[in-house]
Amino acid sequence: MTFKTLTTIFSDRDALVAYVQELTPWLVDAKRPSPIVGGRAAAKSKIDTLNAMEYATTRNHLDGSVTQLSPYIRHGIVTLAELRDKALKQVAHPQQAKKFIQQLAWRDYWQRVYKEHPEWMWNDIDDYKTGFSKEDYAQELPDDIAQGQT
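Just so you know, these numbers come straight off a predicted model, no measurement behind them.

## Notes on the packing of helix α5 (residues 80-90) against helix α6 (residues 98-116)
Inference 1: The interhelical angle for the contact between α5 and α6, taken along N-to-C directions, is 170 degrees, at an axis separation of 10 Å. By the angle between their axes, α5 is roughly antiparallel relative to α6. Residues Leu-80, Leu-83, Arg-84, Ala-87 and Leu-88 of α5 pack against Phe-100, Ile-101, Leu-104, Arg-107 and Asp-108 of α6.
Inference 2: Each residue belonging to the contact of α5 with α6 can be placed in one class, and the counts come to seven nonpolar, no polar and three charged.

## Section: the packing of helix α2 (residues 40-48) against α5
Inference 1: Between α2 and α5, whose axes approach to 11 Å, the crossing angle comes to 30 degrees. Classed by the angle they form, the pair α2 and α5 counts as roughly parallel. Crossing of α2 against α5: the hand is right-handed. Across the interface between the two elements, Arg-40, Ile-47 and Asp-48 from α2 touch Glu-82, Leu-83 and Lys-86 from α5.
Inference 2: Residue composition of the contact of α2 with α5, grouped by class: two nonpolar, no polar and four charged.

## Structural notes on the environment of Thr-79
Inference 1: The residue Thr-79 is located in the loop between α4 (70-74) and α5 in this model.
Inference 2: A residue is classified by how much of its surface remains accessible, and Thr-79, at 43% relative accessible area, is partly exposed.
Inference 3: A sequence separation of 53 residues divides Thr-79 from Phe-132, and the C-alpha atoms of the two residues are 38 Å apart.
Inference 4: Within the structure, the side chain of Thr-79 is placed 3.0 Å from the backbone nitrogen of Glu-82, a separation counted as a polar contact.

## Concerning unusual backbone geometry
Inference 1: Notably, Gln-68 is not glycine yet its phi reads approximately 60 degrees, a positive angle.
Inference 2: Position of Gln-68 relative to the elements: it lies in the loop between α3 (52-58) and α4.

## Overview of the side chain of Thr-67
Inference 1: Among the structural elements, Thr-67 can be located in the loop between α3 and α4.
Inference 2: For Thr-67, a relative accessible area of 18% corresponds to the buried category.

Calculation rules
- Residues numbered from 1 in each chain as written.
- Predicted model: local features only at pLDDT ≥ 70, side-chain atom pairs only at ≥ 80, totals over all residues.
- Heavy atoms only, no water.
- Axes fitted to C-alpha atoms, helices over the stretch in contact; angles between N-to-C directions.
- Helix = DSSP H or I, 4+ residues; strand = E, 2+ residues; numbered from the N terminus.
- Parallel < 35°, antiparallel > 145°, perpendicular 65-115°, else oblique.
- Contact = heavy atoms within 4.5 Å.
- Nonpolar A, V, L, I, M, F, W, Y, C, P; charged D, E, K, R; others polar.
- Left-handed = near helix turned anticlockwise from the far one by under 90°.
- Buried < 20%, exposed > 50% of the residue type's maximum accessible area, 1.4 Å probe, protein only.
- Polar contact = N/O pair within 3.5 Å; in protein donor to acceptor, adjacent residues only side chain to side chain.

Here is the structure:
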């Protein structure tokens, strides 16, 4: 049996995508790959744009200052401690980075809960704060909401 040596170095991401598509012609109709570029260099460019103070005041806005670091944290390319330290270096007083660091802490907390109790992720662990019960909500997203026509 003869094996072909696979190419491992590409001029850019588009060349890599084209090569993989050439190797997998049966996936011609498959979606394009994730727009998230992997690796430490890509993560570092996101870290360099981190603004912990701006994050605190704009994170819930559509155009807010969010980090987009979640996939890099998830795959171990970036650590929470690294992000905490970066945020603390940006501010004169630790309180100015509080909201960003709290979000890192919540992420760590829920990851630990998930590790110990994975079944909890699929169940409500607290009563709804809306005055309605779980049964009052539809299981499927209504079409008018999905289409932005409310």
